[in-house]
Amino acid sequence: MSLTVLMNAGPWLSVPPPGYGGIENVIATLVPELRRLGVRVVLASVESSTLPVDEKVSVFSEGQFASLQRPYNQVCGIAQAHLAGVVRELRARDDIDLVHDHVEAVGLATLAAMGPTGPPTLHTLHWDLAKHPALYGSLDGGGRVRVNGVSASQLDRAPRALREHSVGHVHLSTPLAVDADRRSRPEKGEHLLILGRINPGKGQDVGARLAHQVGFPLVLAGPVGPYHRPAELAAAGDEARQNPDVRFFLDEVAPHVDGDLVRWVGTVAGQERDDLLASARASLFPLRWEEPGGTAVVESLALGTPVVATTRGCLPELIEHGRTGLLTANEEELGELVLAAELLDVDECRRVAAQRFTPAVMAQRYVELYQRVRQLASVP
Ligand code: UDP
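Being a predicted model, the structure only gives us computed values, none of them experimental. Residue positions are given per chain, counting from 1 as you read along its sequence in written order. In keeping with the predicted nature of the model, local features appear solely for residues at pLDDT of at least 70, side-chain atom pairs appear and are counted solely at 80 or more, and the whole-chain, interface and lining totals rest on all residues. The side-chain figures draw on all heavy atoms in the structure; neither hydrogens nor water molecules are used.

### Topic: helix 11 (residues 295–302)
Think of an α-helix as turning once every 3.6 residues; residues three or four places apart then point the same way.
Part 1 of the argument: Residue burial is assigned from relative accessible area. The probe radius is 1.4 Å, only protein chains are included, and a residue is buried under 20% of its type maximum, exposed over 50%, and partly exposed in between. For helices the rule is a DSSP run of H or I covering at least 4 residues; for strands it is a run of E covering at least 2, with both sets numbered from the N terminus onward. The element helix 11 is extensively covered by neighbouring structure, given that eight of its eight residues are classed as buried.
Part 2 of the argument: Those residues of helix 11 not exposed but buried are T295, A296, V297, V298, E299, S300, L301 and A302.
Part 3 of the argument: Of the residues flanking the end of helix 11, it is G304, one or two places downstream, whose phi is positive at about 75°.

This is how it looks when you write it as structure tokens:
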């Protein structure tokens, strides 16, 4: 496979990300497998990214994540400055066979604006876009810009302009799924875990109330807005409340966080994250949004932790009810399911992850889509 792909990760976090980082994690997982398949990768990101690639392109020296707090026009300004750098690079060279873009809306619009002079582009949708049709407007790009979803349900809900340009979906994966079925079984602890951004869509408030109801300890791991540690949030004082996720945490979740039964541990990374996940009795996803891809769901399976969740978004595609987890459309039933999750076979979770959610499976599928996108753009 002699393809050169410009992988556009955007300016928000370095790749791999320092802790939390959905899109950047996906790229860090995908790129090594693509390179194993012979794809040359030019990474458009920030200078501080350490992922081994063939070449790097960057405008900013470090991740701009903290700027996401700023007013919307400033956030767009940062995204546009990054994209202008990518477009300059694309105009200056002719060896890029395909752009694999991950930068929401602005990135896609800019690449579409390059029209027939731009390389074929595959844009991966990472969010639930049903409520944001205007973000994408009318996609054209001279037939050279295509999109893929990270689940079938995400595409089903996407605005029509996007669905018309879709070449299918690719489920997310995790390096933890490699040989997951052969790993030793760690000791299970007592705790439930919610791993993810603290956000109303992820439902940490429901989880916290549930923990008190069933009497199982609950660990909440993930950032609150831009704050990764409880001490950081405390030090920020009232100003932090400008962020809606901070308001959600302080008003809806924190009243249930007693430091004993329910704890917020901040962002966890590396071995600490894996240990917390592998030793959990179940991972909870009391979702209130249509989860588009669910990396944390497949990570949980790979580490042998069954998933208890509301039937939202991609969950029914990733979880086989009664085999790798338990799903319900009714939030009120989550308590019963948490108790029943004891009966699920943790080895089965790992086996399924090792078959379906490895980086190799994901990379193979992307290579197929790259070929398809190039064919549709009539590149020989
Ligand atoms: N994550 C992490 N530490 C945390 C919280 C989350 O490493 O404290 C990682 C998590 O393991 C997953 C990613 O961040 O790889 C979140 O991706 P997901 O698709 O689950 O959610 P998103 O935030 O993209 O909606």
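From this point on, the discussion continues.
### Looking at the site of the ligand
Part 1 of the argument: As a matter of local geometry, the ligand sits amid 20 residues, with Y20, R197, K202, V268 and E299 nearest to it.
Part 2 of the argument: Residue G222 places a main-chain N or O atom 3.4 Å away from an oxygen atom belonging to the ligand.
Part 3 of the argument: In protein, a polar contact requires one atom able to donate a hydrogen and another able to accept it; more generally it is a pair of N or O atoms within 3.5 Å, and residues adjacent in sequence count only if both atoms are side-chain atoms. Within the side chain of R273, an N or O atom sits 2.9 Å from an oxygen atom of the ligand.
Part 4 of the argument: In these tables, accessible area is a Shrake-Rupley quantity obtained with a 1.4 Å probe, and a residue counts as shielded only by the protein chains included in the view. In isolation the ligand offers 540 Å² of accessible surface; the protein chains occlude 95% of this area.
Part 5 of the argument: Elements that contribute at least two residues to the shell around the ligand include exactly helix 1 (22–36) and helix 11. We define proximity as follows: a residue is near a molecule or strand when any one of its heavy atoms falls within 4 Å of that partner.

### Points about the domain arrangement of the protein chain
Part 1 of the argument: Domains assigned within the protein chain are domain 1 (4–173 + 358–376) and domain 2 (176–356).
Part 2 of the argument: Taken over C-alpha atoms, the centre of domain 1 sits 27 Å from the centre of domain 2.
Part 3 of the argument: We call two residues in contact whenever any of their non-hydrogen atoms come within 4.5 Å of each other. Contacts between domain 1 and domain 2 engage 22 residues on the former and 26 residues on the latter.
Part 4 of the argument: Inspection of the region where domain 1 meets domain 2 yields six residue pairs in polar contact (both at pLDDT 80 or more).
Part 5 of the argument: Elements that contribute at least two residues to the side of domain 1 that touches domain 2 include exactly helix 5 (152–157) and helix 15 (359–376).
Part 6 of the argument: No other element matches helix 5, which puts four residues into the side of domain 1 that touches domain 2.
Part 7 of the argument: Any residue that is not Ala, Val, Leu, Ile, Met, Phe, Trp, Tyr, Cys, Pro, Asp, Glu, Lys or Arg is counted as polar, Gly included; the first ten are nonpolar and the last four charged. Across the side of domain 1 that touches domain 2, the residue classes break down as 10 nonpolar, 10 polar and two charged. Where each domain starts and ends comes from a domain assignment, either automatic or drawn from a database.

### Points about the pattern of salt bridges
Part 1 of the argument: By convention in these notes, a salt bridge is any Lys or Arg side-chain nitrogen within 4 Å of a carboxyl oxygen on Asp or Glu. By the definition in use, this model includes 23 salt bridges.
Part 2 of the argument: Between D251 and R241 there is a salt bridge, with the nearest N and O atoms lying 3.0 Å from each other. Remark: R241 occurs in the loop between helix 8 (230–236) and helix 9 (244–253) and D251 occurs in helix 9; sequence separation between them is 10 residues.
Part 3 of the argument: Exposure remark for R241: the relative accessible area of 31% places this residue in the partly exposed category.
Part 4 of the argument: Note that R351 and E348 form a salt bridge whose closest N and O atoms lie 2.6 Å from each other. Of the two residues, R351 and E348 both sit in helix 14 (residues 346–356), three residues apart, roughly one turn of that helix.
Part 5 of the argument: The network of salt bridges with shared partners includes R40, E55, E89, R93 and D95.

### Quick word on helix 2 (residues 72–92)
Part 1 of the argument: The span one expects for a helix is its residue count, reduced by one, times 1.5 Å. Over its 21 residues, helix 2 runs 30 Å from end to end, which matches the ideal 30 Å to within 8%, given 1.5 Å per residue.
Part 2 of the argument: Within the span of helix 2, buried status applies to V75, C76, I78, A79, H82, L83, G85, V86, V87 and L90.

### Topic: the packing of aromatic side chains
Part 1 of the argument: Only rings of Phe, Tyr and Trp enter the pairing, Trp through its six-membered ring, and a pair is recorded when the two centres are within 6.5 Å. The plane angle decides the type: under 30 degrees is stacked, over 60 is edge-to-face, the rest tilted. The final tally for this structure, using the stated rule, is three aromatic pairs.
Part 2 of the argument: Ring plane angle 55° and centroid distance 4.9 Å describe the contact between F249 and W264, whose orientation is recorded as tilted. With F249 in helix 9 and W264 in strand 10 (residues 262–266), this residue pair connects regions lying 15 residues apart in the sequence. For the residue pair F249 and W264, the accessibility class agrees, reading buried in each case.
Part 3 of the argument: Pairing Y366 with Y370 gives two aromatic rings, centres 6.2 Å apart and planes at 35°, and the pair type is tilted. One end of the pair is Y366 and the other is Y370, both in helix 15 and four residues apart, which spans about a single turn.

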